[in-house]
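The chain contents come next:
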Amino acid sequence: MAQSTPGIDRSTHTVTVAALDSVPVFREGLSMVVNRTPGLRWGGHASSHHAGIQMCEQLRPDVVILDSALDPHGHLTRVLAENHPMLVIVVLVGEGQRTPNYLATVLAAGAHGALPRSAEARQLTDGLRRAFVERRFTDPALAALVPAPRAGDAAAGEYRPQMPLSRREYQVLQLIAEGLENSAVADTLFLSVETVRTHVKSILRKLSARDRTHAVTKAFRSGLLVVTPVNHAQATPSPTPRPTPRP
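The shown structure was predicted, so the numbers you read here are calculated from the model rather than taken from an experiment.

**Student:** Requested: an account of the packing of helix 1 (residues 24–35) against helix 5 (residues 121–134), with residues and values cited.
**Tutor:** Remark: helix 1 packs on helix 5, axes separated minimally by 10 Å, with the N-to-C direction vectors making an angle of 70°. With respect to their mutual orientation, helix 1 and helix 5 come out roughly perpendicular. Crossing angle aside, the handedness with which helix 1 passes helix 5 is right-handed. On helix 5, the residues that touch Leu30, Val33 and Val34 of helix 1 are Ala121, Leu124, Thr125 and Leu128.

**Student:** Can you explain unusual backbone geometry? Please cite residues and give values.
**Tutor:** One non-glycine residue, phenylalanine 190, adopts positive backbone phi at about 55°. Position of phenylalanine 190 relative to the elements: it lies in the loop between helix 9 (182–189) and helix 10 (193–207). Even without being a glycine, serine 208 presents a positive backbone phi close to 50°. Among the secondary structure elements, serine 208 is positioned in the loop between helix 10 and helix 11 (212–222). Its relative accessible area of 55% is what places serine 208 among the exposed residues.

**Student:** Any chance you could break down the confidence of the model for the protein for me, citing the residues and the numbers?
**Tutor:** This prediction gives the protein a mean pLDDT of 83; 81% of its residues lie at or above 70. Predicted confidence is poor over residues 230–247, with pLDDT under 50, and the contacts of this stretch with residues over four places away or in other chains come to 24 contacts.

**Student:** Requested: an account of the sheet that holds strand 6 (residues 137–138), with residues and values cited.
**Tutor:** Spatial ordering of the open sheet is given by 2-1-3-4-5-6, a layout of six strands whose pairing is parallel. Edge positions in the open sheet fall to strand 2 (40–46) and strand 6, since each of these has one partner strand only. By the bridge criterion, six bridges tie strand 1 (residues 15–20) to strand 2 in an arrangement that is parallel. Bridging across to strand 2, threonine 16 finds its partner in arginine 41. Where helix 3 (residues 75–83) meets the sheet, it contacts strand 1, strand 3 (63–67) and strand 4 (88–93), and its direction lies at approximately 165° from that of strand 4. Sitting on the sheet, helix 5 is in contact with strand 1, strand 2, strand 3, strand 4, strand 5 (113–116) and strand 6, with an inclination near 175° to strand 5.

Cut-offs used in this document
In this numbering scheme, every chain counts its residues from 1 along its sequence in written order. The model is predicted, so local features are restricted to residues of pLDDT at least 70 and side-chain atom pairs to those at 80 or more, both for listing and for counting; the totals for chains, interfaces and linings are taken over all residues. Note that water and hydrogens are dropped before the side-chain values are worked out from all heavy atoms of the structure. With axes taken as lines fitted to C-alpha atoms, and helix axes fitted only over the stretch in contact, angles between N-to-C directions fall between 0 and 180 degrees. Working definition: helices are DSSP H or I runs of at least four residues, strands are E runs of at least two. Numbering for both runs from the N terminus. In this scheme, roughly parallel covers angles under 35 degrees and roughly antiparallel covers those over 145, while 65 to 115 is roughly perpendicular and the rest are oblique. In a left-handed crossing the near helix is turned counterclockwise from the far helix by less than a right angle, and in a right-handed crossing that turn is clockwise. Every residue pair with non-hydrogen atoms within 4.5 Å of one another is taken to be in contact. Each residue gets one of three labels from its accessible area relative to the maximum for its type: buried under 20%, exposed over 50%, partly exposed in between, using a 1.4 Å probe on protein chains only. Residue-level confidence of the predictor, termed pLDDT, takes values from 0 up to 100. When DSSP finds two or more bridges between two strands, those strands count as paired.

As structure tokens, then:
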């Protein structure tokens, strides 16, 4: 099923779930739990920021599960929320991000749900369904950490992450940080090399960076980029989702 539309019955709709998580074993567990749950079906997964953006563009799931460790400052959440208004984003909160500041940040960035990363299977699936139906759900185990809203939602503005880059610029910067040259970035994103050069120039301008290396360094220092955990124990990584080339 493609990404949901406003006219559907959200209480009976079979929900397509995808995940953005860097741990292969955890992704496998998520897919098994989702596939055996009536009313849910597994749509796919990605293990990095740019692959996650491509996955949502290509697969258009109803719900995406996002590991909090991959988005500790809410930048990826904001990119997904702004480019896919109907997508329901559910963050699985690990111990390192289990703080009021993180929850306020990611909810302000556009996340619809927050569940503990240690949630039991039934707790997880119930939370996914509620987040999809209600478009706002915080697991009771995390509710006490969510700051009470203030008048006019002024509090949310204090936590809203700043994203100076466009969705495509963000993908280009991620790939540059992985060591790809412009031609390889172009091949990965199905863009021309000249278009990639244009994006790089815009990135350098927006980040006030001297060159590509300086831009990556500044992005990591500011939290715009985060180190993606790598599981070297897995012999065969899952392929990166690739969108259908556009004319």
